[in-house]
Amino acid sequence: MIKLKRKGVVFLTEKPSFLSFFHPDLTARLIIVIIFLLLIAIGYVFGIYDGLVNNNPTAIFNSFVAVLLYAIPAFGLLRLKRWARLFELGLSILFVIIGLVILFGYSLTMGIMTLVPHGLIAIYLLSNDCRRAFGMIK
């Protein structure tokens, strides 16, 4: 890292090394989506632990699959992979449909809690800002 000093102000001419892991086109809204997906995946890790403690293989399997369904696209989105955008877009649309079914058939609260975040993710993944970050439009 090269530091230039002009009139008491330090200017960095290169990115710090820990930032080189992140893609330069990563947007703030995409980072929020990634954090949301990772938080949900971490929650399901606790579901795996609970299944182990209660000796419930079905809960372990379901939680493990859920961790994969949230963590893998989150990592792909972090690296701006197009397959991750399409995969998460498909999952978000599926969860919007499931959220509508839950909303009108079972529970208003759970329906809203499913519908709103996944709907917002789907809307963002379809936006020109997101498509530009993935290099799909100029």
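Quick caveat, the model's predicted, so the values are computed rather than measured.

### Structural notes on the layout of surface pockets
- Looking at the largest pocket, its volume works out to about 320 Å³.
- Considering the residues around the largest pocket, the lining is formed by 13 residues, among which I40, Y44, Y70, F95 and H118 are closest to the centre.
- Among the elements of the structure, α1 (28-53), α2 (57-78), α3 (82-105) and α4 (108-126) are those that each provide at least two residues to the lining of the largest pocket.
- Tallied by class, residues from the lining of the largest pocket come to eleven nonpolar, two polar and no charged.

### Here we look at the nonpolar core
- With 19 residues, the main nonpolar core has L30, I34, L37, L77 and L125 as its most contacted residues.
- Those elements that place two or more of their residues in this core are α1, α2, α3 and α4.
- Ranked by residues supplied to this core, first place goes to α1 with five residues.
- Discounting chain neighbours no more than four positions away, the residues touching L37 are Y70, A74, L77, E88 and I121.

### Brief notes about α1
- Here α1 spans 38 Å end to end across 26 residues, near enough to the 38 Å set by a 1.5 Å rise per residue.
- Every buried residue belonging to α1 is among L30, V33, I34, L37, A41, G47, I48 and G51, and all of these are buried.
- The elements touched by buried residues of α1 are α2, α3 and α4.
- Within two residues after α1, N55 carries a phi angle of roughly 55 degrees, on the positive side.

### Quick look at the pattern of salt bridges
- For the structure on display, the rule yields one salt bridge.
- Note that D129 and R29 form a salt bridge whose closest N and O atoms lie 2.9 Å from each other. Of this pair, D129 sits in helix α5 (residues 128-133) while R29 sits in helix α1, and the two are 100 residues apart along the sequence.
- Residue R29 is classed as partly exposed on the basis of its relative accessible area of 48%.

### Focus on a nonpolar patch on the surface
- Taken together, the side chains of F64, L68, L69, I72, W83 and F87 define a hydrophobic patch exposed on the protein surface, amounting to about 540 Å² of accessible area.
- Elements that contribute at least two residues to the nonpolar patch include exactly α2 and α3.
- If you tally residues by element for the nonpolar patch, the top one is α2, at four residues.
- Along the polypeptide, F64 turns up in helix α2.
- For F64, a relative accessible area of 44% gives the class partly exposed.

### Focus on the environment of I60
- If you trace the backbone, I60 turns up in helix α2.
- Here I60 is in contact with I48, G51 and L52, once residues within four sequence places are set aside.

### Structural notes on the packing of α1 against α2
- Put simply, α1 and α2 touch, their axes get as near as 8 Å, and they point 160 degrees apart. Our classification of the angle between α1 and α2 gives roughly antiparallel. Remark: the crossing between α1 and α2 carries left-handed chirality.

What counts and what doesn't
Residues numbered from 1 in each chain as written. Predicted model: local features only at pLDDT ≥ 70, side-chain atom pairs only at ≥ 80, totals over all residues. Heavy atoms only, no water. 1 Å grid on protein atoms, 1.4 Å probe; cavity = no way out; pocket = protein on both sides within 12 Å on 5 of 7 lines; lining within 4 Å. Points joined across faces, edges and corners; volume = space filled by probe spheres on them. Helix = DSSP H or I, 4+ residues; strand = E, 2+ residues; numbered from the N terminus. Nonpolar A, V, L, I, M, F, W, Y, C, P; charged D, E, K, R; others polar. Core = buried A, V, L, I, M, F, W, Y, C linked by side-chain atoms within 4.5 Å. Buried < 20%, exposed > 50% of the residue type's maximum accessible area, 1.4 Å probe, protein only. Contact = heavy atoms within 4.5 Å. Expected span 1.5 Å × (residues − 1). Salt bridge = Lys/Arg side-chain N within 4 Å of Asp/Glu carboxyl O. Patch = residues over 30% accessible without salt bridge, like charges linked within 9 Å, V, L, I, M, F, W, Y side chains within 5 Å. Areas by Shrake-Rupley, 256 points an atom, 1.4 Å probe, with all protein chains shown as cover. Axes fitted to C-alpha atoms, helices over the stretch in contact; angles between N-to-C directions. Parallel < 35°, antiparallel > 145°, perpendicular 65-115°, else oblique. Left-handed = near helix turned anticlockwise from the far one by under 90°.

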